[in-house]
Amino acid sequence: TNLLELARRIIPQRFLYVSSGSVYGDRPKQEEVLREDADLHPHTLYESTKYLSELLTQRFGEMHGFATVATRLSSPYGPMERITGHRANQSVVKELTGRAVRGETIAVSDRSLGRDYTYVVDIADGICSVLGAPNPSHFAYNISTGKWISLGDIIDALMELRPDIKVIDASSGDPNDASYGGSRSRMDVSRPRDDIGFTAEYDLAAGLNAFLEWRDESGFRD
């Protein structure tokens with residue numbers, strides 16, 4: 001609301017709110033495709049505040065005469081993800097790549113969990129594409145690879161990139177179990193592709209390789 005109040009005073013060309021795929025709520029089915037015009041079912045506090053912020057952004061723009069858009073991000077991973085005073089939850093991809101670069105064993109109990117993980121370079125490019133589009137036709141745009149990726153897919157790709165990784169089956173209640181984060185249906189990407197001309201470029205192998213290279217070059221091992 002502070003930023004929207006500033007926008008009300010300066011009337012920007014366009015105000016972009018960075019939202020989240022979490023506004024769709026708890027929808028873990030792999031076969032479901034989440035389109036921007038789907039009914040939203042936010043439940044948790046995080047999901048609800050993201051949805052509320054979308055509504056506030058759109059209404060402020062209508063009331064005060066400036067264009068507004070929202071980008072709904074899928075599950076980002078990549079450089080600079082870290083624990084901060086505002087965010088303690090970390091992606092499973094950060095956890096797995098961290099264990100890989102530290103030479104630790106990866107313990108996993110459920111390889112079937114999954115969602116549409118997206119490398120941060122594609123996330124940034126998608127946001128910039130929506131922000132700079134000449135005439136976007138919609139308010140909300142999914143930013144995603146549009147591909148459903150399981151925990152097993154991530155582990156298999158990591159083992160291709162780093163063959164010395166050791167993976168074991170985790171027992172129930174194992175504190176080192178990397179099976180967390182739950183599942184979410186994949187997000188449809190036809191709207192940003194057809195209306196904006198944006199398509200994610202990094203597949204899973206390319207994204208993981210870039211992330212591992214950054215970790216090696218920067219010395220980031222957390």
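Look a little higher up for the structure.
Calculation notes
Residues numbered from 1 in each chain as written. Predicted model: local features only at pLDDT ≥ 70, side-chain atom pairs only at ≥ 80, totals over all residues. Heavy atoms only, no water. Helix = DSSP H or I, 4+ residues; strand = E, 2+ residues; numbered from the N terminus. Rg over C-alpha atoms; globule rule 2.2 N^0.38 Å. Buried < 20%, exposed > 50% of the residue type's maximum accessible area, 1.4 Å probe, protein only. Contact = heavy atoms within 4.5 Å. Areas by Shrake-Rupley, 256 points an atom, 1.4 Å probe, with all protein chains shown as cover. Axes fitted to C-alpha atoms, helices over the stretch in contact; angles between N-to-C directions. Parallel < 35°, antiparallel > 145°, perpendicular 65-115°, else oblique. Left-handed = near helix turned anticlockwise from the far one by under 90°. Nonpolar A, V, L, I, M, F, W, Y, C, P; charged D, E, K, R; others polar. Pairing = 2+ DSSP bridges.

Points about the overall build of the protein
- Along the protein, the regular secondary structure elements total 7 helices and 11 strands.
- Compactness check: the protein gives a C-alpha radius of gyration of 19 Å against a globular reference of 17 Å for 222 residues, within 12% of the reference.
- With respect to the three principal axes, the spread of C-alpha positions in the protein is 55 × 35 × 35 Å.
- The proportion of buried residues among the 222 residues of the protein is 45%.
- Of the contacts formed within the protein by residues at least 6 apart in sequence, a portion of 84% connects residues at least 24 apart.
- Accessible surface, the protein as shown: approximately 11,700 Å² in total, 49% of it carbon and sulfur.

Let's talk about the packing of helix 1 (residues 2-10) against helix 2 (residues 45-64)
- At a minimum axis distance of 10 Å, the contact between helix 1 and helix 2 shows a crossing angle of 20 degrees. On the basis of the axis angle, helix 1 is roughly parallel to helix 2. With respect to the hand of their crossing, helix 1 and helix 2 are arranged in right-handed fashion. Facing Leu-4, Glu-5 and Arg-8 of helix 1, the residues of helix 2 in contact are Leu-56, Thr-57, Phe-60 and His-64.
- Of the residues that constitute the contact of helix 1 with helix 2, the class distribution is 3 nonpolar, 2 polar and 2 charged.

With respect to the packing of helix 5 (residues 151-161) against helix 7 (residues 204-218)
- One way to put it is that helix 5 packs onto helix 7 with a least axis distance of 10 Å and a crossing angle of 60 degrees. Looking at the two axes, helix 5 sits oblique to helix 7. When you trace helix 5 past helix 7, the crossing you get is right-handed. For the pair helix 5 and helix 7, contact is made by Asp-153, Ile-154, Ala-157, Leu-158 and Leu-161 and by Leu-204, Ala-205, Leu-208, Asn-209 and Leu-212, respectively.
- Its residues placed into classes, the contact of helix 5 with helix 7 shows 8 nonpolar, 1 polar and 1 charged.

Some points on the environment of Gly-132
- Summarising the element assignment, Gly-132 is placed in helix 4 (residues 120-132).
- Between the C-alpha atoms of Gly-132 and Ile-196, which are 64 residues apart in sequence, the distance is 9.2 Å.

Some details on the sheet that holds strand 1 (residues 14-20)
- Across the sheet, 3 strands lie side by side as 1-3-8; this open sheet has parallel pairing. In the strand order of this sheet, the two ends are held by strand 1 and strand 8 (140-143), each with one partner. Each strand of the sheet is rotated relative to its neighbour by a mean of 25 degrees, with strand direction disregarded.
- Strand direction decides the pairing type here: strand 1 and strand 3 (residues 67-73), joined by 7 bridges, are parallel. Bridge assignment links Ser-20 to a residue of strand 3, and that residue is Leu-73.
- In this fold helix 2 packs onto strand 1 and strand 3, with an angle of close to 165 degrees to the strand it touches most, strand 1.
- Sheet contacts for helix 4: strand 1, strand 3 and strand 8; angle to strand 1, the most-contacted strand, approximately 145 degrees.

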